[in-house]
Amino acid sequence: MSSSKFTLSPGVIPLAGVTLSDVLEEIPTPLAFVSTDTEFKVLFINRAFTRTFGYTDEDVKHVSDWTSLVYPDADIGQSKFTAWQIDVETSRQNDTPIPDRESHVRCKDSTYRDVIVQTTLLNTMLLVTFTDISEHKRISNELLEKEKQFRRFVENANDIIFTLNLDGHFTYTSPNTRHSLGWEPEEIIGWHFEQLVHSAEMRACLNAFESALKGNEFISIEYRARRKDGSWCWQASNIEPIRDDFGQIIAVMGIGRDVTERKQDQEKLMISEARYRLLSDNARDVIWTLASDGSVTYVSPSVEQTRGYTPQEAMQQTIDQVLTPESVALNRAYLAAMRADLAAGRKPKPFRGHMEYRCKDGSTYWCDVIATPILAEDGSLLELIGVSRDITDHKNQETHLKRNKEAADALNLELETANKKLNYIATTDPLTGLWNRRHFEQAVEREMALANRHGTPLSALTFDIDHFKKVNDTHGHLAGDSVLVALSELTLEHTRATDISCRWGGEEFMVVLRNTDLQAAVLVAEKLRLAFACHEIPLIGKVTASFGVTIYQANESLQSWFGRTDRAMYEAKHAGRNRVHTG
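Quick caveat: nothing in here was measured; it's all calculated off a predicted structure. (Residues numbered from 1 in each chain as written. Predicted model: local features only at pLDDT ≥ 70, side-chain atom pairs only at ≥ 80, totals over all residues. Heavy atoms only, no water.)

**Brief notes about the sheet that holds strand β10 (residues 249–258)**
Spatial strand order, β7-β6-β10-β9-β8: five strands in an open sheet with antiparallel pairing. One side of each edge strand has no neighbouring strand; the edge strands of this open sheet are β7 (170–173) and β8 (219–226). Each strand axis lies, on average, 30 degrees off the axis of its neighbour in the sheet, ignoring direction. Relative to β8, helix α8 (residues 199–213) is tilted by about 140 degrees, and along the sheet it contacts β6 (160–164), β8, β9 (232–243) and β10. (Pairing = 2+ DSSP bridges. Helix = DSSP H or I, 4+ residues; strand = E, 2+ residues; numbered from the N terminus. Axes fitted to C-alpha atoms, helices over the stretch in contact; angles between N-to-C directions. Contact = heavy atoms within 4.5 Å.)

As structure tokens, this is what we get:
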């Protein structure tokens, strides 16, 4: 390395035999010192620089060498180098800071990294440091894509998805509001839901909203909603409370579906039933009687209009010729029960049910059947008199509505399943199943607020898999993935359900321990360290990890706390790995 020929000042006094070059070599941040002359010679690069990018001091003797290596396109490389020269010269002339630059650079192994390049003018030298943001960029891009997927799902849903604040005002409505109601979503943001609901259903909607605020879930309500053109449409909504991570209700969410067509079908059915009742009362009711042995003794003339048989033909038919098999079974069950009642001296109950009749043309039709036993003075059966009323249209409508309801229920279930899946995707690491970094940080900040409020201890441990690059280089990245999964499972197995575990990035993991002081947290870290070291991973063997443990200090920032934890872990690394250090 270049360190043997690098000095900052003849006045630097070594501490216990340690030179400034030695210190710079151990800094985990890639850095380089560059001369300020026109050649911009590279005077020194540390080990972290070579570990990160793969280039040695023999590869990078001038800044121009660096730009030609990391930017395959020569024009881009020259443009980057020229812009950097201008920034340096401007800083020197105006005594102003050199702006940071973000770059996408090629490493020696042909992979690429995203880095932030920071340049500082130090009299006769330039200090150039590189902050690797590759993982941050990757996670940000993945999160952005997942958010886009969720937004596309919501924006293309056929239902209206909306949220209300605790006062009942709209805070969000999905784009389908435009199709269903004619309103642009932004037009009704801030409105109270009463402004859209028909007065006839207002009380029911208010009751449903109040029920959601009390914590009741999956409340279904049907109501008329006002369209922008002044007309009304029927909506069926499922509403439920939205809670924060502490269980407090912070809003109400609803999913509404236009059911105007179904309501119209129901109204048509009611009209149809009224018409049917009028016609049946005057013409289509079939009156019949059965003898005590079950034979037909009378059928009214209307049977010819309904079944196509004359009364004489109908009276000659057996029960199996009159009814379909399911209705035959229902008929025989009632007759058996009636005879049992008569034998026991009990008054038999009347029959009321639906039966399917056979017609002469081979079709069938449904009837609402009412039958009443007529008894003699001694309690014996004289005859069974019945009335059969055609309800075929009603049955068809009932079947149609049932299918619509089943389809609606299936769609609601699909939507609920999709919401759960999207939530899982947005909060977890896809490989290990642990929380992802963004969701983890949000949860930890809430725990920090609780710790500040109640004074309860809160500890964190981070661990990094030792020699993980060697595993990937020797066995391949799939084997490396199996190591990450195995250690994630061991972490969950040896921590509490109330602890918060996260894949922090790459082969580094973070666990926050609720109500745990530093001493107890060290014991947890030791337990995990031993579990890792003793666990045999198929085809790979045993791996170890280095741990850093800290306790949260009141009103400390998350960045400061985790920075201490990370430094403790690196101390464990530098002390020989497979050990626990506190910070």
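Once you've had a look at it, read on.
**Examining the pairing of strand β1 (residues 31–35)**
The buried count for β1 comes to five of five residues, which makes it a mostly enclosed element. Side chains Leu31, Phe33 and Ser35 of β1 all project onto a buried face; the interleaved residues Ala32 and Val34 project onto the opposite face, where all are buried too. Pairing geometry for β1 and strand β5 (residues 125–132), over five bridges, is antiparallel. Counterpart to phenylalanine 33 in the pairing with β5 is leucine 127. Alignment of β1 against strand β2 (residues 42–45), held across three bridges, turns out to be antiparallel. Paired with phenylalanine 33 across the strands is phenylalanine 44, a residue of β2. Hairpin connection between β1 and β2: a loop of six residues separates the two successive antiparallel strands, and phenylalanine 40 in this loop has a positive phi of roughly 50 degrees. (Buried < 20%, exposed > 50% of the residue type's maximum accessible area, 1.4 Å probe, protein only.)

**Some thoughts on the packing of helix α16 (residues 468–475) against helix α17 (residues 477–493)**
Where α16 contacts α17, the two axes come as close as 7 Å, and the packing angle between them is 140 degrees. As summarised for this structure, α16 and α17 are arranged oblique, according to the angle between their axes. Facing α16, whose interface residues are Phe468, Val471, Asn472 and His475, α17 presents His477, Ala479, Gly480, Val483 and Leu484. The residue inventory of the contact of α16 with α17, partitioned by class, reads five nonpolar, four polar and no charged. (Parallel < 35°, antiparallel > 145°, perpendicular 65-115°, else oblique. Nonpolar A, V, L, I, M, F, W, Y, C, P; charged D, E, K, R; others polar.)

**Some words on the sheet that holds strand β18 (residues 508–514)**
Pairing is mixed in the open sheet, where five strands are placed in the order β17-β18-β16-β19-β20. In the strand order of this sheet, the two ends are held by β17 (500–505) and β20 (580–582), each with one partner. With strand direction ignored, the average angle separating the axes of adjacent strands in the sheet is 20 degrees. Pairing geometry for β17 and β18, over five bridges, is antiparallel. Across the sheet, serine 501 pairs through a bridge with valine 511, a residue of β18. Against the sheet, helix α18 (residues 518–534) engages β16 (458–465), β18, β19 (545–551) and β20, with an angle of about 170 degrees to β19. In the packing of helix α19 (residues 558–574) onto the sheet, contacts are made with β16, β17, β18, β19 and β20, and the angle to β19 comes to roughly 145 degrees.

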